[in-house]
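Coordinates in review
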Amino acid sequence: MLTETEAWQALDAVPDPEIPVVSVTELGIIREVRCNDGAVTVVVTPTYSGCPATEVIGLAVRDALLAAGAREVAMETQLHPAWTSDWIGEAAREKLRAYGIVPPEGRAAPAAVQPIRFMRRTLACPRCGSTDTERLTEFGSTACKATWRCRACLEPFEYFKPI
Amino acid sequence: MTQANSANPAHLEYVLRLADNVLILGQRISEWCGHAPVIEEDLALSNMALDLIGQARLLLTHAGRLEGRGRDEDQLAFLRVERDYRNLTLVEVPNQDFGRTVVRNMLFGAFQVVLWERLTASADSELAAIAAKSLKEARYHFSHAAEWVVRLGDGTALSHDKVQAALDELWPYTNEFFASDETDAAAAAAGIGPASNTLEADWENAVLPVLAQATLVAPARTPFKTFGKFGRHSEHMGHLLATMQYMQRTYPGAQW
């Protein structure tokens, strides 16, 4: 019979479909796992309301748990408390950087309305380390990432936005 | 209007207004996909449309539960008639040029940030959770639009004149943001959400600094009235719905 520890271990091996270098557990989107006589309930929280990967993640989680010996898998969505990029673990942040994605800097979610340019910051290029970089767009290939470019090594890179 | 079986009909109506705003603006913004002036903005606008439609899905699912007639997010999104939609008129007017799109996104985005902040304290815990989630996204949407308004307003003479003209044309529609009625009052009394007429000062505090930095002039308030959130829409709404509802009406229940 699948235990909760084994279920978590199975989920540790499920990659995020858009950033396969980190797992769904490292991303912090698995909120709870409950096992009851082989029936597993997984509580997931979305990163963004419109994240198109949500359904793929659900399928991958289900497949991984069935392969690990679960009799049946139920998915639940929990919105509160809202996911924050602060839940991405330290090890995962380094994996992101090695993959060419600068992990979110600072704490997420400023408390008050800050009208303009509140996201302005200097990032170090994940490839060459230069801070001579510039933001190309706040919304990159996915809602969670901005696109930047390094003026020293001339390579583009992505930035996982704090949220 | 939609008949409500929930204990408080104003509750359902209030949630539908929130839902339809993001649904219809999501539909409008998605029209930019493949047409934006540069690929970065094509991606940005498409990403924001996804966020808005994602928020609409959460809100419409919630509205369906409050209604208690078994309608799901798809039925509410695609199978209502025009007069049953409760979105602000501003979000249904056509995009026209990019400048006008970012001016609208800035005016509406500021409203969403102010409103979601207040709704995080809603007595409706599901609505409060949706608000906390959506607030984070709305801040990025507002910031994106505000940066463009500054860039274009404080840009060339041509870009300045275009966004000032867009602002002059769209500003009167913001009167509707703050128009209150008995639904608003009932929702506020029940602690579900703020009455619309209490949001104007916070909205101005967000918008006016952007206009100042963009060297744009906020138009004077006029008595101009629109009634989208009360179910009476502009001539643009039918065309938008024809595009948005076509697939579900032609192939009911289609999935892929």
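Keep in mind the model is a prediction, meaning the values are calculated, not measured.

Counting 113 residues, the largest nonpolar core has Leu65 of chain A together with Met106 of chain B as its most contacted members. Among the elements that take part in this core, helix H5 (residues 125–153) of chain B stands out by supplying 14 residues, more than any other. Taken domain by domain, this core gets at least three of its residues from each of domain 1 (4–77) and domain 2 (101–160) of chain A. Beyond its immediate chain neighbours, meaning those up to four positions away, methionine 106 of chain B contacts Phe142, Ala145, Ala146, Val149, Val207, Val210 and Leu211 of chain B. Ranked by size, the runner-up nonpolar core spans eight residues in total, among them Leu123, Cys125, Ala146 and Trp148 of chain A.

Let's shift gears to unusual backbone geometry. Residue proline 81 of chain A is bonded to the preceding histidine 80 of chain A through a cis peptide linkage, with omega at -5°. When you line up the elements, proline 81 of chain A lands in the loop between strand E3 (72–77) and helix H4 (90–99). The residue aspartate 37 of chain A is not glycine, and still its phi comes out positive at about 55°. Positionally, aspartate 37 of chain A belongs in the loop between strand E1 (30–36) and strand E2 (39–44). Here glutamine 96 of chain B, not a glycine, exhibits a phi torsion of approximately 55°, which is positive. For glutamine 96 of chain B, the location among the structural elements is in the loop between helix H3 (73–78) and helix H4 (98–119).

Turning to the side chain of serine 134 of chain B, a few remarks are in order. If you trace the backbone, serine 134 of chain B turns up in helix H5. Once you skip the residues sitting within four places of it in the chain, serine 134 of chain B turns out to touch Ser49 of chain A together with Gln55 and Trp116 of chain B.

What follows covers the UniProt feature "domain: MIP18 family-like" (unreviewed entry) in chain A. According to UniProt, the feature "domain: MIP18 family-like" (unreviewed entry) maps to residues 5–69 of chain A in the numbering used here. Between the first and last C-alpha atoms of residues 5–69 of chain A the distance is 13 Å; the span itself is 40% helix and 20% strand.

Parameters and conventions
- Residues numbered from 1 in each chain as written.
- Chains lettered and ligands numbered in written order.
- Predicted model: local features only at pLDDT ≥ 70, side-chain atom pairs only at ≥ 80, totals over all residues.
- Heavy atoms only, no water.
- Core = buried A, V, L, I, M, F, W, Y, C linked by side-chain atoms within 4.5 Å.
- Buried < 20%, exposed > 50% of the residue type's maximum accessible area, 1.4 Å probe, protein only.
- Helix = DSSP H or I, 4+ residues; strand = E, 2+ residues; numbered from the N terminus.
- Domains from an automatic or database assignment.
- Contact = heavy atoms within 4.5 Å.
- UniProt positions renumbered as here; feature names shortened; annotations may be inferred.

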